[in-house]
Amino acid sequence: MGERLWKLPRHTLALGGRTLVMGVINLTPDSFSEGGRWFTRKRAWDRAERMSEDGVDIIDIGGESTRPGASPVSEEEEIRRVQKYLDVMIKLIHYRGPYSIDTTKASVARVALDAGVQIVNDISGLRFDPALADVAARYDAGLILMHSRGTFETMHKQEPVADIISEVARDWRRAVAEAERRGVRREKIVLDPGIGFSKTQKQNVELIAKLDVLARDFADFPLLVGTSRKSFVGHLLGGAPVNKRVHGTMASVAAAVLRGAAIVRVHDVRAAVETVKIIDAIKAVK
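The paragraphs below set out a description of the structure included in this document. (Residues numbered from 1 in each chain as written. Predicted model: local features only at pLDDT ≥ 70, side-chain atom pairs only at ≥ 80, totals over all residues. Heavy atoms only, no water.)

### A short note on empty space enclosed by the protein
Okay, so step 1: Throughout the structure, instances matching the rule amount to 1 cavity of 30 Å³ or more.
Okay, so step 2: Here the largest cavity defines a volume of roughly 40 Å³.
Okay, so step 3: In this structure, the largest cavity is lined by Glu64, Thr66, Glu78, Asp102, Thr103, Thr104 and Ile123.
Okay, so step 4: The class makeup of the residues in the lining of the largest cavity is 1 nonpolar, 3 polar and 3 charged. (1 Å grid on protein atoms, 1.4 Å probe; cavity = no way out; pocket = protein on both sides within 12 Å on 5 of 7 lines; lining within 4 Å. Points joined across faces, edges and corners; volume = space filled by probe spheres on them. Nonpolar A, V, L, I, M, F, W, Y, C, P; charged D, E, K, R; others polar.)

Here it is as structure tokens:
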């Protein structure tokens, strides 16, 4: 992918040159990575401030955990969790970059975009609520379409497909077509292979190793990769717990960037910023 501009309602991000780092803030009591540690207003604000100091490019906020075994929350509860933080976070903390809302619900996206969020990050790729694309189009927001399979309750229990690269490509084509049909412009879309969702440990590694194939076949779209602290990293490290997966995560981040990722989604922002800075310098050598 050549360098291009991702034009958001109030920010423009350059993609394809310097790798961008998206930091994660889970506004949930059952996050797999943080155990609900940011499920207080003060801690979430402090977390966002720290990310800003560490050089984050995008902050991704979510009010519904998508970890294995998580239960879906109601539309009203997800809106309550998100609304509780957004107005104050966007207006009062020092971070002035774009926010993203991690949701599969059009109603939640609408509330977040009204509050000033500029990107919608949909782990279902418009399968759960296609009207989410209508909302993104109406607000001229960025839209991240991730590959997954199954329902919310079954997406971590899917039988493996034979060819994960072809499966991701097929679903991306469906998701892009649906988004465009609903008015989302192609240049607003970023694609995510969904590492850790509906894949085996081996397939997660394969997707990173062959990301360049997907990057070539979907050259019109920047790719986002999220490997942060995921179970395949722990598995490769001999059963490392979530809080011992930082170095393994950064190795996967480096590999993904070398294979074509334009954005990486992480919990450990400073480590990722330093990792991609080195990888970007290596990539720049002709």
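### What about the side chain of Ser107?
Okay, so step 1: Tracing the chain through its elements places Ser107 in helix 3 (residues 106-115).
Okay, so step 2: The residues touching Ser107, leaving out its near neighbours within four places in the chain, are Glu75 and Ile79. (Helix = DSSP H or I, 4+ residues; strand = E, 2+ residues; numbered from the N terminus. Contact = heavy atoms within 4.5 Å.)

### Observations regarding helix 6 (residues 201-209)
Okay, so step 1: Of all the positions in helix 6, only Gln203, Asn204, Leu207 and Ile208 are classed as buried. Buried residues in helix 6, looked at end-on, bunch into an arc of 140°, giving them a common side.
Okay, so step 2: Those residues of helix 6 that are buried are in contact with helix 5 (164-181), helix 7 (211-217), helix 8 (231-236) and helix 9 (246-258). (Buried < 20%, exposed > 50% of the residue type's maximum accessible area, 1.4 Å probe, protein only. Arc of directions from axis to C-beta.)

### A few points about the sheet that holds strand 3 (residues 20-26)
Okay, so step 1: Pairing in this open sheet of 8 strands is parallel, and the strands run 8-7-6-5-4-3-10-9 from one edge to the other. Every other strand in the sheet has two partners, leaving strand 8 (189-192) and strand 9 (224-225) as the edge strands with one partner each.
Okay, so step 2: In this sheet, strand 4 (residues 58-62) lies alongside strand 3 in parallel orientation, the contact comprising 5 bridges. Bridge pairing in strand 4 places Ile25 opposite Ile61.
Okay, so step 3: This element, helix 1 (residues 41-54), spans strand 3, strand 4 and strand 5 (99-102) of the sheet and lies at about 170° to strand 3. (Pairing = 2+ DSSP bridges. Axes fitted to C-alpha atoms, helices over the stretch in contact; angles between N-to-C directions.)

### Some points on the nonpolar core
Okay, so step 1: Counting 71 residues, the largest nonpolar core has Ile25, Ile59, Tyr99, Leu145, Leu191 and Leu214 as the members making the most contacts within it.
Okay, so step 2: When residues of this core are assigned to their parent elements, the largest contribution, 8 residues, is made by helix 5.
Okay, so step 3: Not counting residues within four places of it along the chain, the set of residues in contact with Leu145 comprises Asp122, Gly125, Leu126, Trp172, Ala175, Val176, Ala179, Ile189, Val190, Leu191 and Asp192.
Okay, so step 4: Membership of the second largest hydrophobic core comes to 13 residues, among which are Leu8, Ile58, Ile119 and Val190. (Core = buried A, V, L, I, M, F, W, Y, C linked by side-chain atoms within 4.5 Å.)

### Details of the environment of Ala141
Okay, so step 1: Tracing the backbone through its elements, the reader meets Ala141 in the loop between helix 4 (131-139) and strand 7 (142-146).
Okay, so step 2: In sequence terms Ala141 and Trp6 are 135 residues apart; their C-alpha atoms lie 9.9 Å from each other.
Okay, so step 3: Beyond its immediate chain neighbours, meaning those up to four positions away, Ala141 contacts Pro9, Leu113, Gln118, Ala136 and Lys188.

### Considering the packing of helix 5 against helix 6
Okay, so step 1: Between helix 5 and helix 6, the least distance of the axes is 10 Å, while the angle of their chain directions is 70°. Relative to helix 6, the element helix 5 is oriented roughly perpendicular. Judged by residue contacts, Ile164, Ile165 and Val168 of helix 5 engage Gln203, Glu206 and Leu207 from helix 6.
Okay, so step 2: Of the residues belonging to the contact of helix 5 with helix 6, the class tally is 4 nonpolar, 1 polar and 1 charged. (Parallel < 35°, antiparallel > 145°, perpendicular 65-115°, else oblique.)

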